[in-house]
Amino acid sequence: MITRDADAFVAHARALAPDFGPGCASAAFLVTPEGFALAEQSASDNAYMDLSAAVDPARALAQHRGLQRALAQDLPVIAFPGDPEAPDGLFPNNVFATAPGRLMVGRMRHPVRQREAERMDIRGFFRAMGREEHDLRDRPGVCELTGSVVVDRARGIAFAGLGERCDEAGAAALHDALGLRATLLFDLAPGEYHANVVMSVLAGRALVVCPAGFADPGVAAAIAGLYAPAVVVLDPGQKAAFAGNCIALAPGRAWFSAAGAAALRDDQRAVLAAAGFEVGAVPLDEIEKAGGSLRCCVAEIY
């Protein structure tokens, strides 16, 4: 099923057992922010970026190393070297995604990001593991993978936020490549660039969502009904602090940037605790100047 009908999608999803696959990855990879800088092309449709902001490459690299050390508490985490000519390369989940036995390569909107898909070290790493490569650049449409599409791996369903960086054809290509059971298409609110900034599904058990990030907040409400009562509803200020850009890499912990974690209220933390999640936090304020946060930095390996 691929549909824009949120009610039909939720009704279908309710009947699906969480037996599609593990809710959390078995490993992850990062790409280091070598020569950290802000990409002017990306800023054209990323309202979270401010090109006038001064950046500190050494501090960004130190925070990124701290991120790798923190996440390694939950699963093996490897890091590939960054490329100063590809300043958004530290957000590899937009370009590469995995499923058992497969590697997906995304079709990126901006030329500055399209060169990332050519990295033979990353592609070669997965080829050496015997993974079949699915290159979405051979398909119509645009899709920046798990930046544009939030996937519930346990149920085999996905939520595709349509906008400049993902269209219906691109979302359908990823749906096919991942072999998903169902994908809900929805329009992002004006000014939003990726679905994973406005929502996250944690280990298939909980939802963090900001209705203001949806063109139709009713879609967010319908999705929330699928995960209730394990739902954290964010306000726009919390979204701006990247509280929606979180991830669970192990069943018992949800990782946020320090800014995102600090934005959570006590009652929201209680919802996460009741769902079985400890909150982990990593300082990433320097990296967040590039318009993405913790989840954007993490490419999961399933």
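Right, let's walk through the structure included here. Not measured: the values here are computed from a predicted model.

**A word on the overall build of the protein**
Along the backbone of the protein there are 13 helices and 16 strands. Taken over C-alpha atoms, the radius of gyration comes to 17 Å for the protein, in line with the 19 Å a tight globule of 302 residues would show. Taking the principal axes of its C-alpha atoms as reference, the protein extends roughly 45 × 45 × 35 Å. Expressed as a percentage of the 302 residues in the protein, the buried residues total 60%. Intrachain contacts of the protein at a sequence separation of at least 6 include 76% that bridge at least 24 residues. One finds the centroid of the 27 positive side-chain charges in the protein at a distance of 4 Å from the centroid of its 36 negative side-chain charges.

**A word on the pattern of salt bridges**
One pass over the full model with this rule turns up 21 salt bridges. Close ionic contact of Glu144 with Arg165 constitutes a salt bridge, the shortest N to O distance being 3.4 Å. Remark: Arg165 occurs in the loop between strand 8 (157-162) and helix 7 (168-178) and Glu144 occurs in the loop between strand 6 (132-135) and helix 6 (145-148); sequence separation between them is 21 residues. Overall, Glu144 belongs to the buried group, its relative accessible area being 0%. What you see here is one network of salt bridges that share partners, running through Arg59, Asp285, Glu286 and Lys289.

**Quick word on the nonpolar core**
One finds Leu67, Leu71, Leu294 and Val298 to be the most contacted residues of the largest nonpolar core, which totals 28 residues. Among the elements of the structure, strand 2 (27-31), helix 3 (57-71), strand 13 (247-250) and helix 13 (294-297) are those that each provide at least two residues to this core. Sequence-distant contacts of Leu294, defined by excluding residues within four places in its chain, comprise Leu67, Asn245, Ile247, Trp255, Phe256, Ser257, Val282 and Leu284. Residues Phe159, Leu188, Val198 and Ile223 belong to the second largest nonpolar core, which totals 27 residues.

**Brief notes about helix 8 (residues 217-227)**
Looking at helix 8, one finds that the buried residues are Val219, Ala220, Ala222, Ile223, Ala224, Leu226 and Tyr227. Put simply, Asp216 is the residue that caps the front of helix 8, since its side-chain oxygen is 2.8 Å from the backbone nitrogen of Gly218.

**Re the pairing of strand 8**
Among the six residues in strand 8, six count as buried, and that is most of the element. Neither face of strand 8 is open: one carries Ile157, Phe159 and Gly161, the other Ala158, Ala160 and Leu162, and all of them are buried. Pairing analysis gives four bridges linking strand 7 (residues 149-152) to strand 8, with the strands arranged antiparallel. Residue pairing in the sheet places Val151 in a bridge with Ala158 of strand 8. Between strand 7 and strand 8, which pair antiparallel and follow one another directly, the connecting turn spans four residues, one of which, Gly156, has a positive phi of 75 degrees. Pairing between strand 8 and strand 9 (residues 182-187): six bridges, direction parallel. Of the residues in strand 9, the one forming a bridge with Ile157 is Ala182. Note that the unit made of strand 8, helix 7 and strand 9 has a crossover that is right-handed.

**Let's talk about a nonpolar patch on the surface**
Together, Ile78, Phe125 and Met129 line one region of the surface with nonpolar side chains, adding up to about 240 Å² of accessible area. Mapped onto the elements of the fold, Phe125 is located in helix 5 (residues 120-128).

Rules used in this analysis
Residues numbered from 1 in each chain as written. Predicted model: local features only at pLDDT ≥ 70, side-chain atom pairs only at ≥ 80, totals over all residues. Heavy atoms only, no water. Helix = DSSP H or I, 4+ residues; strand = E, 2+ residues; numbered from the N terminus. Rg over C-alpha atoms; globule rule 2.2 N^0.38 Å. Buried < 20%, exposed > 50% of the residue type's maximum accessible area, 1.4 Å probe, protein only. Contact = heavy atoms within 4.5 Å. Lys, Arg positive; Asp, Glu negative; His and termini not counted. Charge placed at Lys NZ, Arg CZ, Asp CG, Glu CD. Salt bridge = Lys/Arg side-chain N within 4 Å of Asp/Glu carboxyl O. Core = buried A, V, L, I, M, F, W, Y, C linked by side-chain atoms within 4.5 Å. Polar contact = N/O pair within 3.5 Å; in protein donor to acceptor, adjacent residues only side chain to side chain. Pairing = 2+ DSSP bridges. Right-handed = clockwise from strand over helix to strand, strands pointing away. Patch = residues over 30% accessible without salt bridge, like charges linked within 9 Å, V, L, I, M, F, W, Y side chains within 5 Å. Areas by Shrake-Rupley, 256 points an atom, 1.4 Å probe, with all protein chains shown as cover.

The values are spatial; any link to function lies outside them.
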